[in-house]
Amino acid sequence: MSQPINAASSSASGLVIKSDRSKLTLVDEDSMMKQIQATDAPKHAQQFNVRTLLNFVQDILTLATSLVADTTYLRAGQPDPQLEEKSRSLNRIPILKEMKSVVDRIAREISFTDLVRGNDDDTTLALFKMLSSYSWEAKLVLTMAAFALNYAESCLVAQAYSSGAFSKSMALLKKMRRPFLLELIETSKPRFDALINLIRVMMDVTNSVVDFKELPSIYISTEVPSFQDALNFIPKAVYRTIRSIVACGTWINNLPKIGHEPSTTTDEPWEMSKLRSTYEYLNEKLSFCREHIEEKIIDEAYIMLLNLYDKIHFDNTRILKAMFDFNKDVDPLFHGPTNKNVKIDVLRRKTVLLLISGLDISSDAVTILEQIYGESRIYGRMENLYEVVWIPVVDHTVAYSEEMHNQFETVQRAIPWYTVHHPAMIKKVVIRFMKEIWHFRMKPILVVLDPQGKVVCPNAFHMMLVWGSIAFPFTSLRQEALWKEETWRLDFLVNGIDSSILHWMDEGKYIFLYGGDDIEWIRMFTSTAKSVAQAERIQLEMVYVGVGVGNSTKRAKVEQVISAITVERLSYVWHDMTMTWFFWTRLESMFLSKIQLGKNHHDDPLMQEIKKLLSYDKEGGGWALLGRGSNVVANGHSTTVLQTLLDHHIWKQDVTVKGFDISFKEYHDKLHQTYHHCCQFDFPTTSSATTPHRFICPHCARAMDKFITFSCCDHETP
C-alpha cells in the first residue's frame, strides 16, 4: 500500500511532470498575483465547514492512490477488503449539497484545460474568477475537492480496466484516457511517484492554510508579526497550489501522449520546488503562531491558578485537580503499595506533601523519605498522618523518550506512596507555577498543602530531613518552634542515623566524627588519636562519615577510602552510602532551613558550627569533631585537630586539673586562631533556597564576598 496522502512532504523523484511552457519566472508570478488578487471579492466567508470538506478530500486521495498502487489486488481483479471498509466509511460523510455544483464546475474546468483553454495559467485565472466570492482557504479546499474527484475517477477506472476484458473493452469504447494511469505505474513508476509527491505537498500547503484560518482569534491578532506575514502570504500560497492542481490535471489528461516516453530531464518540477518552499515558510510561521498562542493560554491559565491558590476552599481536591490533565480512561494517581490507579478523592481533606523533582531524584533521597514515611505510619497518631504525592517534572521541550519512561517507572516502583500516573499529566502551566511561585529548580522540594488545599510551607524538604515526621504539620511556625528547642549536640547532629553512636553516647564515651578524602591524613589522624586515648586511658570511638557525595566522582573516592579504612582497621565506618548521603544532605538541610526562616544568624552558635562543617567538607582534606556523650567538645579543620593531638605532650599536664575535654578544647581553639581557616559556601541555582544578602564567616566573623560560578560537573541532585 502507498503511504497516506497526508504524510510529511517528501522530495520529488527528480522527474518533470509538466511541460516547459508552464514554468514561471518571478516576474510572471507577480503579474499573475495581481490578476488573482483583483478577482477576490469574498461574500461567503463561512457557508460550509472547510475542515470537514478537507478531511474528506484527504481520505479520498489516500484511498484513490491506494487503489491503483496496490497491484496485488489490481491484478487479481479483487478489491482490498480494508479499502472497501474505508470506502464505506467515506460514504457516510456527506458533502454539503450547496457545494456539489461548485465542485463539479471546477472539476470540469480542470478536466478540459487542454480542450477549452489550452493553457494552465488561463485555467488557473478562470478558477479564481469562478471562486471570487469565497475566502482564500475556501477557494483552495474547493479546488482540492474537485481535483480529488477527478483523480479518484482516474484511479477507479484504472482499477476497473485491470479487472477484466469487459471492463477494458468498455473503457476503450468510451475512449477514456485515464486507464493509462495504470500503465504508467507499470512502465514508469518514478513518474507516478512524482505525481504522488506533488499531491502530498499540495495537501500539506492546503492543511497549513486552513490551520491559519482555525487559529483562535482570542489569542492571536495581526499585531503578531508572524501571523500578519502568513496572512499576507496566503493568497500566493493558494495561487501556487491551485496552479499545481491544474498542472496535475493537465498531466493526467496527457498520459496517453507521454506515458511511454522516457524522461529526458532531471530538473525538479516548478510546482514541487515552489510548493515545498511555500509549505516550509507557512509551517515556520505556523509554529511561531502556535507558540504565541500557547504562551497566551498558559498566561491565562497561570492567572487562574494564582487566583485559585489565593482562595479558601472546603477541601483540597479542587487545588489538586487543577494540577493535572485528566485522561478519562485512566485515574491520575498511582498507588505504589496496591499497584493500582486511584482518583484524586483519596486525598480529600488530608495533609498532602507534594514531592516535586526531576526524574533523576536519587535513590538515597527516596530511601530516606520512605523510612520517615514508614515511621510516621508506625509511631504517628491518626491526626498527624499525611500523604505524599511524587510530581515528576520533565522538560516539555524535549521529546519524552523510552529511556526517560524507564527512568520514571524505576522511581515509581521504588516509591511507597502516591505518584502521578504519567509525567505528561502535569500541566505546563503548573510547572511554570512551581518554578515561579514555589521556586522549584532541580533539587527536590516538598510543598505542603493542608486539608483545605492551602500552602502552609513552600518547601518542607529540609524540615523533613532534619526532624522527620516530628515536624508535622510542616508549617513555617512549626519549623521555627523546633529550632528554638535545638542546641549544638552530637545526638542532634547524627539524629539516630547509627544506633551504635547513640549507644556510645549513653556510655559516656569520647567519639570522634571525622571526614575527608585524604587517606594519608586519615591514617595519621586515627593512629595519633588512638595513641592519645591510650595515654589518657579514655574510651574513644571513631566514625568515618565521608564527604558530601553530591556527584558520582566523589562517591567513588569515598568508597575507595572506606575500603582502605576497613582493610587497615583504622576506625568504624558507614558501609551504607545512603547513611553518608543522609548525614551530609541533612547537614545542608539544617543550613538551608535556617536560611529559609529569614532570620539573622550572625550570633547563632548552632548555625556557626553547621557552617564550619560544611566549609570543611567543601575545602576537602579532612576535619574532625570530638564529642563526649551528647556534648560537642571541639569542631575543627584537619590541620588544627591533628596538630592538637600531635601536641598532646604540651597540654597533657592540664588534663589533671581541667580534665581532658577542656584541655583539648582550649589548646585546639588557640591553634585555630593561629591557622585561621576561612569558609566557602555554594548556593547552586538548582536549589530553591534564597541566597542571603549578607553572610558572615564563622571563623573570622567578617562579611563574605559573593561570586557567581558556572559548572558543568557530574552532578546528581539529592
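Thresholds, definitions, all that
Residues numbered from 1 in each chain as written. Predicted model: local features only at pLDDT ≥ 70, side-chain atom pairs only at ≥ 80, totals over all residues. Heavy atoms only, no water. Buried < 20%, exposed > 50% of the residue type's maximum accessible area, 1.4 Å probe, protein only. Helix = DSSP H or I, 4+ residues; strand = E, 2+ residues; numbered from the N terminus. Pairing = 2+ DSSP bridges. Axes fitted to C-alpha atoms, helices over the stretch in contact; angles between N-to-C directions. Left-handed = near helix turned anticlockwise from the far one by under 90°. Contact = heavy atoms within 4.5 Å. Core = buried A, V, L, I, M, F, W, Y, C linked by side-chain atoms within 4.5 Å. 1 Å grid on protein atoms, 1.4 Å probe; cavity = no way out; pocket = protein on both sides within 12 Å on 5 of 7 lines; lining within 4 Å. Points joined across faces, edges and corners; volume = space filled by probe spheres on them. Nonpolar A, V, L, I, M, F, W, Y, C, P; charged D, E, K, R; others polar. Parallel < 35°, antiparallel > 145°, perpendicular 65-115°, else oblique. Salt bridge = Lys/Arg side-chain N within 4 Å of Asp/Glu carboxyl O.

A. Geometry of the pairing of strand β6 (residues 445–449). Of all 5 residues in β6, 5 are buried; the element is thus mostly enclosed. By the alternation rule, side chains of β6 split into Ile 445, Val 447 and Leu 449 and Leu 446 and Val 448, which are all buried. Relative to β6, strand β3 (residues 351–357) runs antiparallel, the two being bridged by 5 bridges. Following the sheet pairing, Val 352 is matched in β6 by Leu 449. Pairing geometry for β6 and strand β7 (residues 455–457), over 2 bridges, is antiparallel. Looking across to β7, one finds that Leu 449 is bridged to Val 455.

B. Inspection of the packing of helix α23 (residues 519–536) against helix α27 (residues 638–646) at higher detail. Direction vectors running N to C along α23 and α27 enclose 35 degrees, while the axes themselves pass 9 Å from each other. Where α23 crosses over α27, the handedness of that crossing is left-handed. Here α23 contributes Trp 521, Met 524, Phe 525, Thr 528, Ala 529 and Val 532 to the contact with α27, which in turn contributes Ser 638, Val 641, Leu 642, Leu 645 and Leu 646.

C. Structural detail: the nonpolar core. One finds Phe 474, Phe 512, Leu 513, Phe 525 and Phe 664 to be the most contacted residues of the largest nonpolar core, which totals 101 residues. Here this core takes 11 residues from helix α25 (residues 577–596), the largest share from any one element.

D. Main features of the layout of surface pockets. Each pocket or cavity is described by its volume, and for the second largest pocket that value is around 670 Å³. In this structure, the second largest pocket is lined by 29 residues; those nearest its centre are Ile 372, Glu 375, Trp 467, Gly 468 and Asn 495. Secondary structure elements with two or more residues in the lining of the second largest pocket: α16 (363–379), α19 (461–467), α21 (490–494) and α25. A per-class count over the lining of the second largest pocket returns 13 nonpolar, 10 polar and 6 charged.

E. The arrangement of unusual backbone geometry in detail. Residue Phe 472 is joined to Pro 473 through a cis peptide bond whose omega torsion reads 10 degrees. Examined against the element boundaries, Pro 473 turns out to sit in the loop between α19 and α20 (476–485). Positive phi outside glycine occurs at Arg 349, with the angle close to 55 degrees. Structurally, Arg 349 can be placed in the loop between β2 (340–342) and β3. Even without being glycine, Phe 474 reaches a positive phi, approximately 65 degrees.

F. Examining the sheet that holds β3 more closely. On the basis of which strands lie adjacent, the open sheet formed by 7 strands has the order β2-β1-β5-β4-β3-β6-β7 and mixed pairing. For this open sheet the edge positions go to β2 and β7, each flanked by a neighbour on one side alone. Ignoring which end each strand starts from, the neighbouring axes of this sheet average 35 degrees apart. Of the strands in this sheet, β1 (333–335), β4 (386–392) and β5 (418–420) touch helix α17 (residues 402–414), which is tilted by about 170 degrees from β4.

G. Up close: the packing of α16 against α25. For the pair α16 and α25, the least separation of the axes is 10 Å and the interaxial angle reads 80 degrees. Here α16 lies roughly perpendicular to α25, going by the angle between them. Residue-level inspection shows Asp 364, Ala 365, Thr 367 and Ile 368 of α16 in contact with α25, the latter providing Thr 578, Trp 581 and Phe 582. Residues that form the contact of α16 with α25 fall into these classes: 4 nonpolar, 2 polar and 1 charged.

H. Fine view of the pattern of salt bridges. Counting across every chain of the model gives 30 salt bridges. The shortest N-O distance in the salt bridge between Arg 348 and Asp 315 comes to 2.6 Å. Placement of Arg 348 in the loop between β2 and β3 and of Asp 315 in the loop between α14 (270–310) and α15 (317–321) is noted, with a sequence separation of 33 residues between them.

I. Highlighting the sheet that holds strand β8 (residues 510–515). In space, the 5 strands of this open sheet follow the order β10-β9-β8-β11-β12, with mixed pairing throughout. Looking at the sheet topology across the chains shown, the edges are occupied by β10 (572–573) and β12 (631–637). Pairing analysis gives 6 bridges linking β8 to strand β11 (residues 623–628), with the strands arranged antiparallel. What sits directly across from Gly 515, in β11, is Trp 623. Along the sheet face, helix α26 (residues 605–619) touches β11 and β12 and points at about 35 degrees away from the line of β12.

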